[in-house]
Amino acid sequence: NAGVTQTPKFQVLKTGQSMTLQCAQDMNHEYMSWYRQDPGMGLRLIHYSVGAGITDQGEVPNGYNVSRSTTEDFPLRLLSAAPSQTSVYFCASTDRGDTQYFGPGTRLTVL
Amino acid sequence: DAKTTQPPSMDCAEGRAANLPCNHSTISGNEYVYWYRQIHSQGPQYIIHGLKNNETNEMASLIITEDRKSSTLILPHATLRDTAVYYCIVRATDSWGKLQFGAGTQVVVTP
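Covalent bonding between the sulfur atoms of two cysteines defines a disulfide. Residue and element names in this part refer to chain A. Counted under the stated rule, the structure contains 2 disulfides over all chains. Bridging Cys 23 to Cys 91, the disulfide has an S-S length of 1.8 Å. Here the S-S torsion is close to -70°, and the disulfide linking Cys 23 with Cys 91 is therefore left-handed. A residue pair is termed long-range when its members are at least 10 positions apart, and Cys 23 in strand β3 (residues 19-25) and Cys 91 in strand β9 (residues 87-94) qualify at 68 residues. Judged on exposure class, the residue Cys 23 and its partner Cys 91 are both buried.

What follows is the structure, given as structure tokens:
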């Protein structure tokens, strides 16, 4: 199993540009989540999904959209990038077990 | 705000036990205590979790006080590879996919 994969690993955007961060998991997990991590801080939940077709907001959802059309994929869309969205983004998945599995992260810089 | 309080940093000598404290005085009866760690900006990694009994696995031991208001993660024989940020997280039974991270404890293991 590849686990949780994220692409791209690095991205530089200009203010106002849009882009999609990709996340995929091959463990058939029901639950998937997106977090962001700013320097020196813990992770904060952006959006999460409890299954295909079902998403909900987390702690810091503004400026981001998500959709979950399949069990495997959970893309995160930045509609109009802002410098405040410069961060490291982590995708994670879990079933109704005890472990949340995290991807390697996408490092995003918005100029 | 995170439901847990941890010291910002601690040092540990290689080969010695590392004891990481965590306060969670507002924990509810249906909430578990989870520990994750993050090595050098990689995605967080699950370590251990517990409800009210002490737990042990191949990575660590978790000691939860009888009133459940605090806990201690024990790394029995710290190695240089244990240098990481350690997060203590309280999670409700049915909140799969939603973890609330604090700032964690930066642990540095020295030779």
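Structure shown, so let's carry the discussion forward.
Residues and elements named next belong to chain B. Where strand β2 (residues 18-23) and strand β7 (residues 70-75) come together, 6 bridges link them in antiparallel fashion. Its bridge partner being in β7, Asn 19 is matched across the sheet by Ile 74. Note that strand β6 (residues 61-64) and β7 share 4 bridges and pair antiparallel. Residue pairing in the sheet places Ile 64 in a bridge with Ser 71 of β7.

All names here are of chain A. With respect to topology, 4 strands assemble into an open sheet ordered β1-β3-β8-β7, the strand pairing being antiparallel. Looking at the sheet topology across the chains shown, the edges are occupied by β1 (4-7) and β7 (64-66). The average undirected angle you get between the axes of adjacent strands in this sheet is 20°. Looking at chain direction, β3 and strand β8 (residues 76-78) are connected through 3 bridges and run antiparallel. When the sheet's bridge partners are listed, Leu 21 is paired in β8 with Leu 76.

On to empty space enclosed by the protein. Evaluation of the coordinates by the stated rule reveals 1 cavity of 30 Å³ or more. Space inside the largest cavity adds up to approximately 60 Å³. Along the walls of the largest cavity sit Thr 94, Gly 97, Asp 98, Thr 99 and Gln 100 of chain A together with Tyr 34, Tyr 36, Arg 91, Trp 96, Gly 97 and Leu 99 of chain B, which together make up its complete lining. Classifying every residue of the lining of the largest cavity by side-chain character gives 4 nonpolar, 5 polar and 2 charged.

Here is what the cut-offs are and how they apply
- Residues numbered from 1 in each chain as written.
- Chains lettered and ligands numbered in written order.
- Predicted model: local features only at pLDDT ≥ 70, side-chain atom pairs only at ≥ 80, totals over all residues.
- Heavy atoms only, no water.
- Disulfide = S-S within 2.5 Å.
- Helix = DSSP H or I, 4+ residues; strand = E, 2+ residues; numbered from the N terminus.
- Buried < 20%, exposed > 50% of the residue type's maximum accessible area, 1.4 Å probe, protein only.
- Pairing = 2+ DSSP bridges.
- Axes fitted to C-alpha atoms, helices over the stretch in contact; angles between N-to-C directions.
- 1 Å grid on protein atoms, 1.4 Å probe; cavity = no way out; pocket = protein on both sides within 12 Å on 5 of 7 lines; lining within 4 Å.
- Points joined across faces, edges and corners; volume = space filled by probe spheres on them.
- Nonpolar A, V, L, I, M, F, W, Y, C, P; charged D, E, K, R; others polar.

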